[in-house]
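# Architecture at a glance
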Amino acid sequence: MNADPVVGRAVPRRDGPAKVSGAAAFTAEVPVEGTAHAKLVCSTVAAGEITGIDLTEARSAPGVVAIMTHHNAPAMRIAPLLITLRGASFTRAPVMQDARIRWNGQPVAIVVAETPEQADHAASLVRVSYALAEARLVFDDLKAGAPQPDHVQGEAPAVMIGDAEAALRAADTRVDQVYRTPWHTHCAIEPHATTVAWHDDRSLTMWDATQAITHSQATLAEVFSLDLENIRVVSQFVGGAFGNKMMWSHQILCAAAARLAQRPVRLVLSRSDVFRVTGGRTRTEQRVALGARADGTLTALIHEATTTTGISDGFAEQCTFPARVLYGADTFGIDQRVVELHTPANSSMRAPGESVGSFALECAIDELAEQLDVDPLDLRTRFEPAAHPTTGKPFSARHLLEAYRLGAERFGWAERSSAPRSRRDGPWWIGQGVATATYPYTRMPGGRASVTVSADGHATVRTAAHEMGMGTATVQAQYAADHLGLPLDRVHFEYGDSRHPAAVPAGGSAQTVSIIASVVAATRALTAELLRLTSSDSPLAGAGTDDVELRDGGIYLRDGGAGQSWPDILRRAGRDELTGEGAASPPTETAQHAMHSFGVQFCEVRVHDVTGEVRVSRWLGMFDTGRIINPRTATSQFRGAIVMGIGSALSEETIFDERTGRVLNATLAEYHVPVHADIPPIEVAWLGHPDPLAPMAGKGVGEVGMVGVAAAVANAVYNATGRRIRDLPITPDKVLGL
Amino acid sequence: MKPFTYQRADDVASAVAAAATTPGAVYLGGGTNLVDLMRQNIERPAALVDISRLPARIEIGTDGRLRIPAAATNTDVAADPVVRRDFRIIAEAIVNGASGQIRNMATVGGNLMQRTRCLYFYDAGAHCNKREPGSGCDAVDGHNRMHAVLGASPHCMATHPSDLAVALAALDARVHLAGPAGQRTVELRDLHRLPGDTPHVEHTLEPGELITTVSVPAPPAEARSAYRKVRERASYAFALVSVAALLEVRDGTVVSARLALGGVAAKPWRAASAEAVLTGAPATRASFERAADVALADARPLTHNGFKIPLMRRVIVSTLEELS
Ligand SMILES: Cc1cc2nc3c(=O)[nH]c(=O)nc-3n(C[C@H](O)[C@H](O)[C@H](O)COP(=O)(O)OP(=O)(O)OC[C@H]3O[C@@H](n4cnc5c(N)ncnc54)[C@H](O)[C@@H]3O)c2cc1C
Ligand code: SF4
């Protein structure tokens, strides 16, 4: 332990200077000698069969090296789903193995040429003909009678406690509404990119923009029947991922094309490919019904959600998760349904489920508060449960009421006028809204790390983890410095390479705690090794790992006892360095306890009286996510998530043509993520109470910040204008009711 | 993208000559629209003649008109002190469009000649009469939220996306052209054409003609003016609707009025009938509402853009009220 810990300090990001100066090489820039460039040709129909592919023109275009279609693609096995923890895919659709078309945008050919421009041009000359089959595209026609999925992220698709419908009918006060959210696309600023070089028939290196290095390695092994140790996956910097830089067809196709071309091949997706080839967040239709007594306590909580998947996909968006966790009620009626459509796959997008699910639930709570004439924050305190409301497990740590209280004070919630359409500044109506946030704590099994100490007194932590801009390298160095008892500048953190010990995917806000758990295990192994090396005259002779502590660059008997610096141990043993490696303990902490992050979002909006334009003018997020390792990087995570939530509230919508299943606005010009001018100063604060069961007492911070955001905006728009918009995004025409 | 040749012109004469003698040549301004379309294989020119380095000095001519060379960047025009003082709505329209980076590249000529943002026009797989005459129009029964409510035809209902053109239409700007057959001038309001049954013919330029300059007469000294644009995100978005208005009021009576509407038609829509209603009328909300009704009398909604008509009405009325 460090006497003066660096955990908790606002240490600047280690990757900052390289990124700001342009020195950081992203996947599309990594120099690989002899690289040819690939371009995908994608289907323009949603369902049917390829009847012909004419390559005559394309083959004779300048610079063409190879063209792969389902006619000459090698046999490739199906990539394992992310949920199996053996892979990182969202779909079981075969990749270029048959003539079948499953969605509009499915790759049907990959063209390899000397330059990206030549590949692009040649791809435009590939002529594909199709026999159309009837496509499942119109959600509204197909949603009735949609089946339950086998599971929702491993949980039961339905939770029925008591007779919620009967309780609803009997309730003194009722809200029963349907809320809708559209398809969303992640829009990381760096498009997906991958480069594959085969060294021989059985080994390859893949440089990939990914948040799942180990699982990509496993996927390639499975798909191409290779040995794991013959596959290297490298991903040093990733320009944002948000859940979408997992395993898609493009990496598999790039690898297959590189084998066909007999040289390294690079494939950088165009922005429209990102929209059409990879997945997004499903649209949702959600019924939330609440029954309440006059005192505001809930007699019924019903949340029924219908989401979509592509054909052969395996991801059901967990919209109903907040309703399972947040509030106590006498009865629950929770149910999820899935409609299979000929669309790209539904994939994880920042706070999958919770973000859009909380829009429905938290707007409904606001509607109930309105009916009961109770302050919406006050109302929430009345159904604060003593234990997890649908599993009965005790919470490891839940300080939501305190977050409400402190957040309300800081935001000035008490000054809000509860009457809608009652505050105005010139042409702008002003309103304030609130919503609760929650996100489950997870620690995925399977992570490993190594810790190497060297005779010059430095330590290096290695794990195949990911840095997508959230500060992984920085916070892990902080943690390791304290854990090893070293100054921060003597601790190195190496990641981004499958040669390092295996890591879990960077998803589910789980990477930080998962790495910490593996560093704990690796340090323990290292300590044991170091003790084994000590000579019989060492004060440490005969001591076990539990008898010692790491501090001041060495190992010492507990409670201020004598010890040895590890350079000393290493030198005496004639070693330059020593490495300990370990696997994170199984995540048993969630066996008996419910572990969740919480938060509350407050916002103020201004709504233009004439035009209906909504501008967010103030934001406060107050979070309860356990201990914070680095306030600077954590703030940035919360703030970024709130920005993304504001986008979902006001402007983001991936538009499909329901006749063809084609994404129409597959560009950043037409898919509207927020711009700077849309974002007010965002205040972020947290309670910081440790979660006693989490490694480091901290929980994930990457996703909870997005939860509740859209609802807070919608509730504020109601407060400003008296108009309830239950259908995202909240555009001027909806606000004006035109 | 299809392979193409590239040459840069240093003056108008060599630009016109290069375009005339190079088969398949088109002019390249800042490329912020053309290059995007080339990347999508929507535009497939064989040759580019880069006119972005032509002289670009903004000045007041001897006739008192503001003269903006076509190669001037949108940023330079919006930052020009004379423009900001005497032609404010030009600057307002520009800074309400695109993003800082795009405006730095975009030229005035390119802005006026930019193509529609119809999503089907941008998608080589869709049916589009504008892109491929006679192939049909996927927007009719498709996603047409951003489409026209005025002057559309069953063949095409795309809008012209420029903000600048709307301000220039309200200011009675003229467009000066040079081409193989010599020089000529057209009124800005006659530059763009309504779709009719030839939506691929978007403007009145002859093949090889280059916009050299846009000239603008000084607005009436007493007139107040405004450019109002509505969009769901605060910047970097095309207009749902926009209004450029000039209003001259004396003793409570409208002396002169000019009204141009954006985001509603294939061209900047000068609402002449509304101007006639306003002129001589009392400067009251009732007059403005009547004018808005007249301006929109022929407006026809499609499946998803019906909101544009009442929204435009609200914006016309409030803008005129603000100016009175
Ligand atoms: C994301 C995005 C958002 C945008 N938002 C807005 C907005 O809100 N409002 C708005 O008004 N615009 C907007 N734009 C469009 C932008 O203003 C135009 O792309 C730009 O003005 C075009 O100018 P350019 O010089 O780059 O033209 P180019 O792309 O070079 O050329 C466009 C067309 O004009 C022709 N051309 C160019 N110069 C001449 C000339 N002198 N004579 C004859 N023909 C010529 C070219 O041949 C080509 O057909 C946006 C663009 C993008 C990409
Ligand atoms: S509206 Fe015009 S531009 Fe759009 S698809 Fe129809 S014809 Fe093409």
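Everything numeric here is computed off the predicted structure, so don't read it as measured data.

## Looking at the overall build of chain B
- Along its length, chain B carries 11 helices and 12 strands.
- Here the C-alpha atoms of chain B give a radius of gyration of 19 Å, agreeing with the 20 Å that 2.2 N^0.38 yields for 324 residues.
- Out of the 324 residues belonging to chain B, those deemed buried represent 56%.
- For chain B, the share of sequence-separated contacts (at least 6 apart) that also reach a separation of at least 24 residues comes to 64%.
- Carbon and sulfur atoms provide 51% of the accessible area of chain B, an area that totals close to 12900 Å².
- One way to put it: in chain B the 36 positive side-chain charges average out to a point 3 Å from where the 33 negative ones average out.

## Quick word on the overall build of chain A
- Scanning chain A for helices and strands turns up 18 helices and 29 strands.
- For 738 residues, the compact-globule estimate of 2.2 N^0.38 gives 27 Å, and the C-alpha radius of gyration of chain A, at 27 Å, lies within 12% of that figure.
- Overall, the C-alpha framework of chain A stretches about 80 × 75 × 50 Å when taken along its three principal axes.
- Taken across its 738 residues, chain A has 64% of its residues classed as buried.
- If you take every contact in chain A between residues at least 6 apart in sequence, the share linking residues at least 24 apart comes to 81%.
- Accessible surface computed for chain A: about 25100 Å², of which carbon and sulfur atoms make up 50%.
- Across chain A, 67 positive and 82 negative side-chain charges occur, with their mean positions spaced 1 Å apart.

## Some points on the UniProt feature "domain: Aldehyde oxidase/xanthine dehydrogenase a/b hammerhead" (unreviewed entry) in chain A
- In this numbering, the UniProt entry assigns the feature "domain: Aldehyde oxidase/xanthine dehydrogenase a/b hammerhead" (unreviewed entry) to residues 21-134 of chain A.
- Its end C-alpha atoms 52 Å apart, residues 21-134 of chain A is made of 12% helix and 31% strand.

## Observations concerning the domain arrangement of chain A
All names here are of chain A.
- Under the domain assignment used here, chain A contains domain 1 (16-22 + 444-586), domain 2 (34-134 + 189-241 + 245-277) and domain 3 (158-184 + 281-442 + 591-735).
- Computed over C-alpha atoms, the centres of domain 2 and domain 3 are 36 Å apart.
- Taken together, the contact between domain 2 and domain 3 spans 22 residues of the former and 23 residues of the latter.
- Across the domain 2 to domain 3 interface the summed buried area is about 1800 Å²; carbon plus sulfur atoms make up 58%.
- Among the residues of domain 2 in contact with domain 3, Phe 90, Phe 275 and Arg 276 are the three that bury the most area, contributing 38% of the side total.
- Applying the counting criterion to the domain 2 and domain 3 interface returns zero salt bridges.
- Where domain 2 meets domain 3, there are five residue pairs in polar contact (both at pLDDT 80 or more).
- Looking at which element gives the most residues to the side of domain 2 that touches domain 3, the answer is helix H8 (residues 271-277), with four residues.

## What about the pattern of salt bridges?
- The full count for this structure, using the stated rule, is 63 salt bridges over all chains.
- Its salt-bridge partner being A:Arg524, residue A:Asp546 comes within 3.2 Å of it at the nearest N-O pair. One end of the pair, A:Asp546, is in the loop between helix H14 (511-533) and strand S21 (548-551); the other, A:Arg524, is in helix H14, with 22 residues separating them in the sequence.
- Relative accessible area serves as the criterion here: at 44%, A:Arg524 is assigned to the partly exposed category.
- Look at the salt bridges and you will find they share partners, linking B:Asp172, B:Arg189, B:Arg258, B:Arg270 and B:Glu275 into a network.

## Section: the nonpolar core
All names here are of chain A.
- Ranked by internal contacts, the top residues of the largest apolar core, which has 90 residues, are Phe 224 and Leu 530.
- It is helix H7 (residues 249-261) that contributes the most residues to this core, eight residues altogether.
- Excluding its chain neighbours within four sequence positions, the residues that come into contact with Phe 224 are Met 76, Trp 198, Ile 252, Ala 255, Ala 256 and Arg 259.
- Judged by nonpolar contacts, the second largest core, of 85 residues, contains Leu 379, Ala 594, Val 701 and Ile 730.

## Observations concerning the packing of helix H10 (residues 285-295) of chain B against helix H11 (residues 308-323) of chain B
Residues and elements named next belong to chain B.
- Where H10 contacts H11, the axes come no closer than 9 Å and their chain directions differ by 140 degrees. If you check the angle between H10 and H11, you find them oblique. For the crossing formed where H10 meets H11, the hand is right-handed. Along the contact surface, H10 presents Arg 285, Phe 288, Glu 289, Ala 292, Asp 293 and Ala 295, while H11 presents Arg 313, Ile 316, Val 317, Leu 320 and Glu 321.
- Grouping the constituent residues of the contact of H10 with H11 by class yields six nonpolar, no polar and five charged.

## Points about the interface of chain A and chain B
- Contact residues are listed per partner, giving 34 residues for chain A and 33 residues for chain B.
- When residues of chain A are sorted by the area they lose upon contact with chain B, A:Arg659, A:Leu664 and A:Leu738 head the list and together hold 19% of the total.
- Here chain A is connected to chain B by three salt bridges.
- The residue A:Asp733 makes a salt bridge to B:Arg145 at a minimum N-O spacing of 2.8 Å.
- Elements represented by at least two residues in the side of chain A that touches chain B include exactly helix H3 (116-124), H8 and helix H18 (732-736) of chain A.
- Tallying contributions element by element places H3(A) first for the side of chain A that touches chain B, with four residues.
- Its residues placed into classes, the side of chain A that touches chain B shows 14 nonpolar, eight polar and 12 charged.

## Some words on the domain arrangement of chain B
- Taken domain by domain, chain B comprises domain 1 (5-50) and domain 2 (224-323).
- If you average the C-alpha positions of domain 1 of chain B and of domain 2 of chain B, the two centres end up 36 Å apart.

## Details of the site of ligand 1
- In the vicinity of ligand 1 lie 32 residues, with B:Tyr27, B:Gly30, B:Leu34, B:Thr107 and B:Asp163 positioned nearest.
- Chains contributing residues near ligand 1 are chains A and B.
- One nitrogen or oxygen atom from the main chain of B:Gly30 is found 2.6 Å from an oxygen atom belonging to ligand 1.
- One nitrogen or oxygen atom from the side chain of B:Thr32 is found 2.7 Å from an oxygen atom belonging to ligand 1.
- In isolation ligand 1 offers 970 Å² of accessible surface; the protein chains occlude 95% of this area.

## Some points on the sheet that holds strand S6 (residues 127-132) of chain A
Residue and element names in this part refer to chain A.
- Taken in spatial order, the three strands of this open sheet run S4-S2-S6, and their pairing is antiparallel. The sheet is open, and its two borders are formed by strand S4 (100-101) and S6, each paired with just one other strand.
- Taken together, the six bridges between strand S2 (residues 48-54) and S6 define a ladder with antiparallel strand orientation. Looking across to S6, one finds that Ile 53 is bridged to Val 128.

## Re the sheet that holds strand S11 (residues 231-234) of chain A
Residues and elements named next belong to chain A.
- Within the open sheet, the seven strands sit side by side as S3-S5-S1-S12-S9-S10-S11. Their pairing is mixed. Across the chains shown, the open sheet's two edge strands, defined by having one partner strand only, are strand S3 (64-69) and S11. When strand polarity is set aside, the average angle formed by the axes of neighbouring strands in this sheet is 20 degrees.
- Sheet analysis places strand S1 (residues 36-42) next to strand S5 (residues 107-113), joined by six bridges and oriented antiparallel. Of the residues in S5, the one forming a bridge with Ala 38 is Val 112.
- Strands strand S9 (193-200), strand S10 (203-208) and S11 of the sheet are contacted by helix H6 (residues 213-224), whose axis makes an angle of about 145 degrees with S11.
- Against the sheet, H7 makes contact with S1, S3, S5, S9, S10 and strand S12 (265-268), and its axis sits at roughly 40 degrees relative to S9, the strand it touches most.

## Here's the deal with the UniProt feature "domain: FAD-binding PCMH-type" (unreviewed entry) in chain B
- With numbering matched to this structure, UniProt assigns "domain: FAD-binding PCMH-type" (unreviewed entry) to residues 1-221 of chain B.
- Between the end C-alpha atoms of residues 1-221 of chain B the distance is 49 Å, and the span holds 25% helix and 17% strand.

## Points about the environment of A:Ile569
Residues and elements named next belong to chain A.
- With respect to the helices, strands and loops of the structure, Ile 569 is situated in helix H15 (residues 566-572).
- With relative accessibility at 2%, the residue Ile 569 sits in the buried group.
- Through-space distance from the C-alpha of Ile 569 to that of Ser 454 is 10 Å; in sequence the pair is 115 residues apart.
- Excluding residues that lie within four positions of it along the chain, Ile 569 makes contacts with Leu 530, Leu 533, Thr 534, Leu 540, Ile 555 and Gln 564.

Criteria and thresholds
Residues numbered from 1 in each chain as written. Chains lettered and ligands numbered in written order. Predicted model: local features only at pLDDT ≥ 70, side-chain atom pairs only at ≥ 80, totals over all residues. Heavy atoms only, no water. Helix = DSSP H or I, 4+ residues; strand = E, 2+ residues; numbered from the N terminus. Rg over C-alpha atoms; globule rule 2.2 N^0.38 Å. Buried < 20%, exposed > 50% of the residue type's maximum accessible area, 1.4 Å probe, protein only. Contact = heavy atoms within 4.5 Å. Areas by Shrake-Rupley, 256 points an atom, 1.4 Å probe, with all protein chains shown as cover. Lys, Arg positive; Asp, Glu negative; His and termini not counted. Charge placed at Lys NZ, Arg CZ, Asp CG, Glu CD. UniProt positions renumbered as here; feature names shortened; annotations may be inferred. Domains from an automatic or database assignment. Buried area = accessible area lost by both parts, 1.4 Å probe. Salt bridge = Lys/Arg side-chain N within 4 Å of Asp/Glu carboxyl O. Polar contact = N/O pair within 3.5 Å; in protein donor to acceptor, adjacent residues only side chain to side chain. Core = buried A, V, L, I, M, F, W, Y, C linked by side-chain atoms within 4.5 Å. Axes fitted to C-alpha atoms, helices over the stretch in contact; angles between N-to-C directions. Parallel < 35°, antiparallel > 145°, perpendicular 65-115°, else oblique. Left-handed = near helix turned anticlockwise from the far one by under 90°. Nonpolar A, V, L, I, M, F, W, Y, C, P; charged D, E, K, R; others polar. Near = heavy atom within 4 Å. Pairing = 2+ DSSP bridges.

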